[in-house]
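If you want the building blocks of each chain, they are given just below.
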Amino acid sequence: MDAKIYDVMILGGGPGGLAAGLYAGRSKLSTVIIEKGIDGGQIAITHDIENYPGQAKVDGMSGQELVAPMTEQCKKFGVERISDTINSCDFSGTIKKLVGNKGEYLGKTVIICTGAMTRFIGCKNEAKYVGKGVSYCAVCDANFFEDFEIYVVGGNGIACEESLYLSKYGRKLTMLHKGDKLAVPPALKQQIEENPKISVMYNVEVDDLGGDELLSEIVVKNVNTGELTTLKADEEDGFFGLFGFTGKKTTGMFEGILDMENGYIKTNEKMETNVPGVYAAGDVRVTPLRQVVTACADGAIAAMQCGKYINTLK
Amino acid sequence: MLDLTKENFAAEVLEAEGKVFVDFYGDGCVPCAALMPFVHQYAEEYGDKMKFTSLNTTKARRLAISQKILGLPVMAIYENGAMIDSVVKDEATADSILEMIKRHI
């Protein structure tokens, strides 16, 4: 039996991929979303979103709550779902191929929605302490640091939001920001400044980490003077937490295959990459703003473009 | 799958004979919840070859820390009172957990 050739293959089940799926499915294109984990991408682990236009609970809702209807909408419009990790691709022919751990998948078009997970701080010995003090998931790990000291790398919106969340657990929280001021709206800045548990160290980046088995030392470097300062965990505590919300990592799978810029995929305003029939949507692409709303918009545009492109193949 | 507590952890895991699989999870840990159905499936398939257990670390924080765990999810294999293998955080996927189980049966 010949392998199924989908009209649209969507790589990634975050908001970008789900929006693309919804639009493609509703346009009666045979569509599949391939996702290795759970739906939602970065916001699956975000406990509180308040800036998605039209969100059901205006005062705030979790990423999971926001995404669940998107998953249902895809189901409603007949989008197929495959759970697999894609490791390589072949876009050389008219029929595109994605190769995963469990199989190969064929389609006339591909929409890449692999996102940009915050998954590194970029300091020495980072890998040694992941899960032993270093974390990138506040909802997963805040509990371990209840009444302990917490450090947060970053000075952007996410770092501030997650710091406010983590400050409910930690005894004390210090943000380590490489800039000289927080790059966030005034209201958020005020919340940080008024929180008695939170303080900010400016102009620093994390250089190195230390500790026997659990993280108990952070070496920070002043970005202007190069001076190193060692932050040590309280002796009684024995460890502290370091949460990173700055390093954005995209998949490296398309280097050499698609035009990229700094690890992000280049597209035009129709979400077209340099390869006909291949599109990108959401955080993975070069874009001035990475939010749920922009990912969804990108996904919708890409899906509709897929439909138009497929018509030209006939 | 056996539910572990801080009261029974030593007896059921550290002092157990043979290999023991431990799923360390927590309330609010979304990735943990996503992996749970797969772990239950593996417990059914391989439960005769290995003991499958899970520990809610939200209710047993100090115990988790004593096992050098400060981040979730952690899927671990214990033998003779020590953790001999594990997949942690992003490394922990349905596939990698199954591969780890197969390494030890």
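Here the structure is shown first, and the text comes after it.
Owing to the predicted nature of the structure, the values given are computational and were not obtained by experimental measurement.

A. View of the nonpolar core. All names here are of chain A. Formed by 118 residues in total, the largest nonpolar core has its most connected members in Met9, Ile10, Ala20, Ile111, Val152 and Tyr279. It is helix 7 (residues 292–313) that contributes the most residues to this core, 7 residues altogether. Three or more residues apiece are contributed to this core by two domains, here domain 1 (5–116 + 250–313) and domain 2 (118–247). When residues no more than four places from it in sequence are discounted, the contact partners of Ile111 are Val8, Ile10, Ala20, Tyr279, Ala281, Ala302, Ala303 and Cys306.

B. Geometry of the sheet that holds strand 14 (residues 228–232) of chain A. Residue and element names in this part refer to chain A. Spatially, the 3 strands line up as an open sheet ordered 12-13-14, and their pairing is antiparallel. Edge strands, defined here as strands with exactly one partner in the open sheet, are strand 12 (204–210) and strand 14. Between one strand and the next, the sheet's axes are offset by a mean angle of 30°, whatever the strand orientation. Both strand 13 (residues 217–222) and strand 14 contribute to a ladder of 5 bridges, which runs antiparallel. Opposite Val220, over in strand 14, you have Thr229 as the bridge partner.

C. Here's a closer look at the interface of chain B and chain A. Listed by partner, the interface residues are 20 residues for chain B and 23 residues for chain A. Elements supplying a minimum of two residues to the side of chain B that touches chain A: helix 2 (30–46) and helix 3 (61–66) of chain B. Top contributing element to the side of chain B that touches chain A by residue count: helix 2 of chain B, with 3 residues. Class assignment for the residues of the side of chain B that touches chain A results in 10 nonpolar, 5 polar and 5 charged.

D. Spotlight on the sheet that holds strand 11 (residues 198–201) of chain A. Residues and elements named next belong to chain A. Here we have 5 strands laid out as an open sheet, ordered 8-15-9-10-11, and parallel in their pairing. In this open sheet, the two edge strands, each paired with only one partner strand, are strand 8 (134–135) and strand 11. Where strand 9 (residues 149–153) meets strand 10 (residues 172–176), 5 bridges bridge the pair, whose relative direction is parallel. Bridging across to strand 10, Ile150 finds its partner in Leu173. On top of the sheet, helix 5 (residues 157–166) reaches strand 9, strand 10, strand 11 and strand 15 (241–244); it is set at about 170° to strand 9, its chief contact.

E. Spatial organisation of the packing of helix 5 of chain A against helix 6 (residues 186–194) of chain A. Residue and element names in this part refer to chain A. Contact geometry for helix 5 and helix 6: axes closest at 10 Å, N-to-C directions at 40°. Relative to helix 6, the element helix 5 is oriented oblique. Crossing handedness for the pair helix 5 and helix 6: left-handed. Only Leu188, Gln191 and Ile192 of helix 6 make contact with helix 5, whose side of the interface consists of Gly157, Cys160, Ser163 and Leu164. Grouping the constituent residues of the contact of helix 5 with helix 6 by class yields 4 nonpolar, 3 polar and no charged.

Criteria and thresholds
- Residues numbered from 1 in each chain as written.
- Chains lettered and ligands numbered in written order.
- Predicted model: local features only at pLDDT ≥ 70, side-chain atom pairs only at ≥ 80, totals over all residues.
- Core = buried A, V, L, I, M, F, W, Y, C linked by C-beta atoms within 7 Å.
- Buried ≥ 20, exposed ≤ 12 C-beta atoms within 10 Å, placed from the backbone.
- Helix = DSSP H or I, 4+ residues; strand = E, 2+ residues; numbered from the N terminus.
- Domains from an automatic or database assignment.
- Contact = placed C-beta atoms within 7 Å.
- Pairing = 2+ DSSP bridges.
- Axes fitted to C-alpha atoms, helices over the stretch in contact; angles between N-to-C directions.
- Nonpolar A, V, L, I, M, F, W, Y, C, P; charged D, E, K, R; others polar.
- Parallel < 35°, antiparallel > 145°, perpendicular 65-115°, else oblique.
- Left-handed = near helix turned anticlockwise from the far one by under 90°.

What is shown is where atoms sit, not what they do.
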